[in-house]
Amino acid sequence: MARHADRLARGLAQVVNFLDPDIIVLGGGLSNMAHLYTEVPPLLRHYVFSDVIETPIVKAMHGDSSGVRGAAWLWPPT
């Protein structure tokens, strides 16, 4: 699990480096892995090209159902 958190931190660091998002929202199955919200932020600091990182990592409001809800909105009404 530590390797998984480290690799996620490396990937998210690239997103932060290029896009500088205000927030990172984890959805799908990742949103159910509670350890990521505590382990990834400290690891992220090692890989971001800045001395300060204030980008919070939060769980999607609807958890792992967020993708299904988004897909349902794409379905045309009949």
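A brief report on the enclosed structure follows. Worth saying up front: this structure is predicted, and the values here are computed from it rather than measured.

## Re the overall build of the protein chain
Part 1 of the argument: For the protein chain, the helix and strand inventory stands at 3 helices and 2 strands.
Part 2 of the argument: Each helix and strand of the protein chain, placed in order from N terminus to C terminus, yields the pattern α-β-α-β-α.
Part 3 of the argument: A compact globule built from 78 residues should have a C-alpha radius of gyration of about 12 Å, whereas the protein chain, at 14 Å, is more than 25% larger.
Part 4 of the argument: Out of the 78 residues belonging to the protein chain, those deemed buried represent 27%.
Part 5 of the argument: Taking the intrachain contacts of the protein chain between residues at least 6 apart in sequence as the baseline, contacts between residues at least 24 apart amount to 77%.
Part 6 of the argument: With an accessible surface of roughly 5700 Å², the protein chain has 61% of that area assigned to carbon and sulfur atoms.
Part 7 of the argument: Looking at the protein chain, you have 6 positive and 7 negative side-chain charges, and the mean spots of the two groups are 10 Å apart.

## Digging into the pattern of salt bridges
Part 1 of the argument: The full count for this structure, using the stated rule, is 1 salt bridge.
Part 2 of the argument: The salt bridge involving D6 is made with R10; its shortest N-O contact spans 2.9 Å. Placement of the pair is D6 and R10 together in helix α1 (residues 2-19), with a separation of 4 residues, close to one helical turn.
Part 3 of the argument: For D6, a relative accessible area of 18% gives the class buried.
Part 4 of the argument: Accessibility expressed as a relative area gives 44% for R10, which makes it partly exposed.

## Observations concerning a nonpolar patch on the surface
Part 1 of the argument: Among the surface-exposed residues, V15, F18 and L19 lie close enough to one another that they form a single nonpolar patch of about 350 Å² accessible area.
Part 2 of the argument: The residue F18 is located in helix α1 in this model.

## Comments concerning the packing of α1 against helix α2 (residues 36-47)
Part 1 of the argument: Remark: α1 packs on α2, axes separated minimally by 8 Å, with the N-to-C direction vectors making an angle of 55°. In terms of axis orientation, α1 runs oblique to α2. The way α1 lies across α2 gives a crossing that is right-handed. Of the residues in α2, those touching α1 at H4, A5, D6, L8, A9, R10, L12, A13 and N17 are L36, E39, V40, L43, L44 and Y47.

## Details of α2
Part 1 of the argument: Along its 12 residues, α2 runs 16 Å from first to last C-alpha, staying within 8% of the 16 Å computed at 1.5 Å per residue.
Part 2 of the argument: Those residues of α2 that sit buried are L36, V40 and L44. One face of α2 carries all of its buried residues, which in axial projection span an arc of 50°. Among the exposed residues of α2, those oriented more than 90 degrees off its buried face are T38 and H46.
Part 3 of the argument: If you follow the buried residues of α2, they end up packed against α1, β1 (24-26) and β2 (57-59).

Definitions and cut-offs
Residues numbered from 1 in each chain as written. Predicted model: local features only at pLDDT ≥ 70, side-chain atom pairs only at ≥ 80, totals over all residues. Heavy atoms only, no water. Helix = DSSP H or I, 4+ residues; strand = E, 2+ residues; numbered from the N terminus. Rg over C-alpha atoms; globule rule 2.2 N^0.38 Å. Buried < 20%, exposed > 50% of the residue type's maximum accessible area, 1.4 Å probe, protein only. Contact = heavy atoms within 4.5 Å. Areas by Shrake-Rupley, 256 points an atom, 1.4 Å probe, with all protein chains shown as cover. Lys, Arg positive; Asp, Glu negative; His and termini not counted. Charge placed at Lys NZ, Arg CZ, Asp CG, Glu CD. Salt bridge = Lys/Arg side-chain N within 4 Å of Asp/Glu carboxyl O. Patch = residues over 30% accessible without salt bridge, like charges linked within 9 Å, V, L, I, M, F, W, Y side chains within 5 Å. Axes fitted to C-alpha atoms, helices over the stretch in contact; angles between N-to-C directions. Parallel < 35°, antiparallel > 145°, perpendicular 65-115°, else oblique. Left-handed = near helix turned anticlockwise from the far one by under 90°. Expected span 1.5 Å × (residues − 1). Arc of directions from axis to C-beta.

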